[in-house]
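Coordinates in review
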Amino acid sequence: MNPHTCDDGGFDAQARTLHRASLAQMSPQAMARLRAARHEAQRAAPASGDARPWRWLTATAFTAVLAVGVGLQFLPQAPTPSSPGVTTPAPLASTDGETLDETAAGTLEEDPDLYLWLASAEAQPLAME
């Protein structure tokens, strides 16, 4: 790395002086050829506003399609309908012979009276046993 000096203005002035000296030593024919080459290069170069917007549009569309594809992977899947000849299995029985009833378990979890009873003084001694 080059050390940063505080005298950048002196460097710029020296570079400008050397540039003016080199331009004074060039022949007019060489200057004319360089000028003509510069103008030809500017005409042949595409306009700065023509950035080919179809490339940006294609990239944006591709990104959007990928985002939708990834998003669809995270959606919950709907159950597939079973075949007409296949029967659904019966609910499993517990070890003591009772069948599992998920709706009954769900109502116990959602019953506010259960939580009121747990907070009452009657539930404290029962929980200590």
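One can find the structure itself at the top, above this paragraph.
Residues numbered from 1 in each chain as written. Predicted model: local features only at pLDDT ≥ 70, side-chain atom pairs only at ≥ 80, totals over all residues. Heavy atoms only, no water.

Re the overall build of the protein
The test is simple: Comment: elements are numbered from the N terminus, with helices defined as DSSP H or I runs of at least four residues and strands as E runs of at least two. To sort residues, take the accessible area from a 1.4 Å probe on protein chains only and compare it with the maximum for the residue type: under 20% means buried, over 50% means exposed, and anything in between is partly exposed. The protein chains shown are the only cover counted for residues, whose accessible areas, like all others here, come from Shrake-Rupley with a 1.4 Å probe.
Looking only at helices and strands, the protein has six helices and zero strands in total. Listing each helix as α and each strand as β along the protein from the N terminus yields α-α-α-α-α-α. A total of 129 residues make up the protein; the buried ones form 2% of that total. In the structure as shown, the protein presents an accessible area of about 12,400 Å², 64% of it carried by carbon and sulfur atoms.

Examining a nonpolar patch on the surface
Our working definition: Within this analysis, patches are made of residues with over 30% relative accessible area and no salt bridge. Like charges are joined at 9 Å or less; nonpolar side chains (Val, Leu, Ile, Met, Phe, Trp, Tyr) at 5 Å or less. Put simply, a salt bridge is a Lys or Arg side-chain nitrogen that is within 4 Å of an Asp or Glu carboxyl oxygen.
Taken together, the side chains of Leu-114, Tyr-115, Trp-117, Leu-118 and Leu-126 present a nonpolar region at the surface, about 480 Å² in accessible area. Here the nonpolar patch takes four residues from helix 5 (residues 112-119), the largest share from any one element. Within the secondary structure, Leu-126 is located in helix 6 (residues 123-128).

Details of the pattern of salt bridges
Enumeration over the complete set of coordinates arrives at one salt bridge. Between Arg-43 and Glu-40 there is a salt bridge, and its shortest N-O distance comes to 3.4 Å. Taken together, the positions of Arg-43 and Glu-40, both in helix 2 (residues 28-44) and three residues apart, correspond to about one turn of that helix. Residue Arg-43 is classed as exposed on the basis of its relative accessible area of 62%.

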